Amino acid sequence: MNHKIYFKGGYKYQLAKDYRVQTGVKPQSPIFTTYVNLYVDGLLEIKAGYAWDGPSGPTIDTQNFMRGSLVHDALYGLMAEGHLDPDIWRSVADCDLVNICREDGMSAIRAKWVYLGVRIGGGPAARNPRKILEAP
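Not measured: the values here are computed from a predicted model. (Residues numbered from 1 in each chain as written. Predicted model: local features only at pLDDT ≥ 70, side-chain atom pairs only at ≥ 80, totals over all residues. Heavy atoms only, no water.)

Undergrad: What is the right way to read the pattern of salt bridges from this model?
TA: Once the charged atoms of two side chains with opposite charge are near each other, the side chains can pair. Counted under the stated rule, the structure contains 8 salt bridges. Here Arg 119 and Asp 94 are joined by a salt bridge, their closest N and O atoms 2.6 Å apart. Taken as a pair, Arg 119 in helix H3 (residues 108–121) and Asp 94 in helix H2 (residues 86–103) lie far apart in primary sequence, 25 residues in all. Look at the salt bridges and you will find they share partners, linking Arg 67, Glu 103 and Asp 104 into a network. (Salt bridge = Lys/Arg side-chain N within 4 Å of Asp/Glu carboxyl O. Helix = DSSP H or I, 4+ residues; strand = E, 2+ residues; numbered from the N terminus.)

Right, here's the structure in full:
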C-alpha cells in the first residue's frame, strides 16, 4: 500500500460553481483539461473544484480582484502546461485581467498597477507549471 500523497502547493481558493466568461484568448483548436476548457471563440469554462491562489504579488485580495485573478490564473495555467504559447497569449490574458477588474469596480489607477505588475513579474508563472510535491 502506498502511503504517499501527491499535491501541488500555493492555492488559497477553490471555485464552488462552474464559471464561464468570454476572453480575448482564442486558440486555434479547443483546449480541454480537467478543470479548464478554452474554446476557439475565447469562451473560457472553469469547473467547480478549480483551485487558484488569488491576486499575486504585493496586493490585497479584494472583491474587485477575485474574478480577474481566477480567469488570469486559469489562462496562465494553460500556458504553463504548454496548451497556449505565452509569447502570443500572455499579453492578451493580462489585458483580460485588467478589463475584468475594471468591470468589477477596480479604480483605473490600481488597475494600471495590476497590469504593470503582471507584465513585469508574471512571465515565469506563464512558463513553469507548479511542481508536484509529495509527503511523507
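Continuing now.
Undergrad: Which parts of the structure should I look at to understand the state of the cysteines?
TA: Any covalent bond linking the sulfur atoms of two cysteines counts as a disulfide. Counted under the stated rule, the structure contains 0 disulfides. Free of any disulfide, Cys 95 has its nearest neighbouring cysteine sulfur in Cys 101, separated by 12 Å. A relative accessible area of 34% means that Cys 95 is categorised as partly exposed. (Disulfide = S-S within 2.5 Å. Buried < 20%, exposed > 50% of the residue type's maximum accessible area, 1.4 Å probe, protein only.)

Undergrad: Mind showing me how you'd approach the packing of aromatic side chains here?
TA: To describe a pair of aromatic rings, you give the distance between the ring centres and the angle between the ring planes. Throughout the structure, instances matching the rule amount to 3 aromatic pairs. Look at Tyr 13 and Trp 52: their rings are 5.5 Å apart centre to centre, the planes differ by 40 degrees, and that puts the pair in the tilted class. Placement of Tyr 13 in strand S2 (residues 13–14) and of Trp 52 in strand S7 (residues 51–52) is noted, with a sequence separation of 39 residues between them. In this structure Trp 52 comes out as buried when scored by relative accessible area, which is 7%. The interplanar angle of 80 degrees and the centroid separation of 5.5 Å between the aromatic rings of Phe 32 and Tyr 39 together place this pair among those described as edge-to-face. Note on Tyr 39: relative accessible area 25%, which makes it partly exposed. A connected cluster of aromatic rings, assembled from ring pairs, spans Tyr 13, Tyr 50 and Trp 52. If you follow Arg 130 out to its NZ or CZ, it ends over the ring of Tyr 11, 4.3 Å from the centre. (Phe/Tyr/Trp six-rings, centres within 6.5 Å; stacked < 30°, edge-to-face > 60°. Lys NZ or Arg CZ within 6 Å of the ring centre and 35° of its normal.)

Undergrad: Explanation requested: the layout of surface pockets in the structure shown.
TA: Estimates place the volume of the largest pocket at around 990 Å³. For the largest pocket, the lining is made up of 40 residues, of which Asp 53, Asp 73, Tyr 76, Ala 125 and Arg 130 are closest to its centre. Top element by residues in the lining of the largest pocket is helix H1 (residues 63–80). It accounts for 9 residues. Looking at the lining of the largest pocket, its residues break down into 19 nonpolar, 15 polar and 6 charged. (1 Å grid on protein atoms, 1.4 Å probe; cavity = no way out; pocket = protein on both sides within 12 Å on 5 of 7 lines; lining within 4 Å. Points joined across faces, edges and corners; volume = space filled by probe spheres on them. Nonpolar A, V, L, I, M, F, W, Y, C, P; charged D, E, K, R; others polar.)

Undergrad: Looking at this structure, how should I read the pairing of strand S6 (residues 43–46)?
TA: Each regular strand carries side chains that alternate between the two faces of the sheet. Alternating residues of S6 divide into Leu 43 and Glu 45 and Leu 44 and Ile 46, and every residue in both groups is buried. Two strands pair when backbone bridges link them, and strand S3 (residues 19–22) and S6 are joined in this way by 4 bridges, in the antiparallel orientation. For Gln 22, the partnering residue across the bridge sits in S6 and is Leu 43. Note that strand S5 (residues 36–38) and S6 share 3 bridges and pair antiparallel. By the bridge assignment, Asn 37 is partnered in S6 with Glu 45. (Pairing = 2+ DSSP bridges.)

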